[in-house]
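Chain by chain, the residues run as shown.
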Amino acid sequence: MSGPGALGRLVTHMREILPSLIRKPEERALALLAVEEAAVNILEHGYQNEAGRPLTIRLFALEDDRFQVTLRDRAPLADVTRIAPGDLKELARRRASRGRGLALMRLLTMTMMHRPRPGGGNDLVLVFDSSHLTRVVEEHFRNAA
Amino acid sequence: MRRDLDNHLISMSRLRLYRGREVSCVRFRGSVRKLTEESFRERLVESGRRAPHLLVDLSEVEYLCSSGLGILLEQSAVQERHGGWLRLISPSRTVSMILRLSGAAASLAWFSAEDEALDDLRGLAA
């Protein structure tokens with residue numbers, strides 16, 4: 001349910017489940033970042049911070065080290081996959097305070113899909129690929145070296 | 001303990017005198033996420049008001065959400081408007097990765113130690 005503590009509970013559960021899907025802690029942190037940004041979008045924009053609204057998160061292990069996270073809500077219809085993400089470099093240059101969430105979600109996922117739910121609401125499906133997350137982490141450490 | 005830190009943010013601030021200049025230092029421990037971002041913002045603003053030069057120690061911050069990045073960048077612009085800067089001290093592995101991925105690394109300077117971050121204040125008159 002949305003409301004105070006919703007995100008905290010989500011993070012706690014994700015932290016418990018993710019090690020069975022992703023071995024490396026840095027990669028888990030990145031997957032969690034994408035899921036958390038998606039959940040914050042739903043709570044802030046979909047539910048306008050209203051408490052007591054449903055938010056369900058489902059994880060599925062797929063073949064080839066991929067896994068899928070589905071965020072299911074009853075918020076007004078909103079297909080975030082159709083929204084052009086902000087340019088991260090430009091946002092940083094302007095020192096913008098917001099607008100990075102969607103761009104980070106796109107950067108860290110292989111696919112993002114939206115499905116309207118019968119009776120209202122949204123399913124947002126994020127597909128992760130462990131090898132993609134590995135590449136992102138390796139690239140980071142290469143650039144940092 | 002780790003689970004507790006997921007949803008908490010503890011901070012400790014102090015004022016340091018370096019070569020005749022006051023430098024505000026704030027150290028965070030925990031995670032910067034939706035639940036803690038307001039407290040992160042409040043403490044940064046409060047610490048930033050104390051002196052134009054602000055050091056933010058993120059060595060014990062396990063996670064920084066995109067709003068947290070925005071708050072850091074905003075505060076950095078505020079410090080510069082007051083003739084100073086905001087510098088980060090030893091962001092943790094995960095946080096430094098998030099800073100780089102988000103592009104924020106290009107707009108925020110970070111150092112491995114406080115004295116290293118203060119090095120360029122040496123030549124400046126107080």
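All values reported here derive from a predicted model rather than from experimental measurement.

A. Representation of the overall build of chain B within the structure. A count of helical and extended segments in chain B gives five helices and five strands. Secondary structure elements of chain B occur, N-terminal to C-terminal, as α-β-β-α-β-α-β-α-β-α. Over its C-alpha atoms chain B spans a radius of gyration of 14 Å, differing by no more than 12% from the 14 Å that the globule rule assigns to 126 residues. Projected onto its principal axes, the C-alpha positions of chain B cover 45 × 25 × 25 Å. Counting all 126 residues of chain B, 44% fall into the buried class. In chain B, once contacts between residues fewer than 6 apart in sequence are set aside, the share between residues at least 24 apart is 74%.

B. Region of the structure containing the interface of chain A and chain B. In this complex, chain A contributes 28 residues to the contact, which on the side of chain B involves 29 residues. Contributing elements (two or more residues each) for the side of chain A that touches chain B: α1 (6–17), α2 (25–46), α3 (88–93), α4 (101–108) and α5 (130–144) of chain A. Broken down by element, the residue count for the side of chain A that touches chain B peaks at six residues, all from α2(A).

C. Looking closely at the sheet that holds strand β2 (residues 21–32) of chain B. Residues and elements named next belong to chain B. Pairing is mixed in the open sheet, where five strands are placed in the order β1-β2-β3-β4-β5. The open sheet is flanked by β1 (9–18) and β5 (109–111), the only strands paired with a single partner. Between one strand axis and the next, the sheet turns by 25° as a mean value, whatever way the strands run. Examined bridge by bridge, strand β4 (residues 85–89) and β5 share three bridges and lie parallel to one another. Of the residues in β5, the one forming a bridge with L88 is W110. Set on the sheet, helix α2 (residues 37–50) makes contact with β1, β2 and β3 (53–64); between it and β2 the angle comes to about 170°.

D. Seen up close, the nonpolar core. Residue and element names in this part refer to chain A. A31, A34, A38 and A39 are the most contacted members of the largest nonpolar core, which has 66 residues in total. Top element by residues in this core is α2. It accounts for 11 residues. Not counting residues up to four positions away in its chain, the partners in contact with A31 are L18, I22, L108, F128 and L133.

E. Molecular detail of unusual backbone geometry. Residues and elements named next belong to chain A. One non-glycine residue, N49, lies in positive phi territory at about 65°. Within the fold, N49 resides in the loop between α2 and β1 (55–61). Non-glycine residue D65 carries a positive phi angle of around 60°. Positionally, D65 belongs in the loop between β1 and β2 (66–73).

F. Structural detail: the sheet that holds β1(A). All names here are of chain A. Taken in spatial order, the four strands make up an open sheet running β1-β2-β4-β3, and their pairing is antiparallel. Lying at the two open borders of the sheet, with one neighbouring strand each, are β1 and β3 (111–116). Across the sheet, the axes of successive neighbouring strands diverge by a mean angle of 15°, strand direction being ignored. Pairing of β2 with strand β4 (residues 122–129), which is carried by eight bridges, proceeds in the antiparallel orientation. Within β4, the position partnered with D73 by the bridge is N122.

G. Structural context of the confidence of the model for chain B. In the predicted model, chain B carries a mean pLDDT of 88, and 90% of its residues have values of at least 70. Of the two predicted TM-score estimates for the complex, the pTM is 0.84 and the ipTM is 0.79.

H. Spatial organisation of the environment of A:P116. Within the secondary structure, A:P116 is located in strand β3. Sequence separation of A:P116 and A:A96 is 20 residues, and the distance between their C-alpha atoms is 31 Å.

I. Representation of the pairing of β4(A) in the model. All names here are of chain A. Burial of β4 is one-sided: the residues N122, L124, L126 and F128 facing one way are buried, the residues D123, V125, V127 and D129 facing the other way are not. Across six bridges, the pairing between β3 and β4 is antiparallel. Opposite M113, over in β4, you have V125 as the bridge partner. Here β3 hands over to β4 after five residues, with G119 in that stretch at a positive phi of 85°.

Rules of the game
Residues numbered from 1 in each chain as written. Chains lettered and ligands numbered in written order. Predicted model: local features only at pLDDT ≥ 70, side-chain atom pairs only at ≥ 80, totals over all residues. Helix = DSSP H or I, 4+ residues; strand = E, 2+ residues; numbered from the N terminus. Rg over C-alpha atoms; globule rule 2.2 N^0.38 Å. Buried ≥ 20, exposed ≤ 12 C-beta atoms within 10 Å, placed from the backbone. Contact = placed C-beta atoms within 7 Å. Pairing = 2+ DSSP bridges. Axes fitted to C-alpha atoms, helices over the stretch in contact; angles between N-to-C directions. Core = buried A, V, L, I, M, F, W, Y, C linked by C-beta atoms within 7 Å. pLDDT = per-residue confidence, 0-100.

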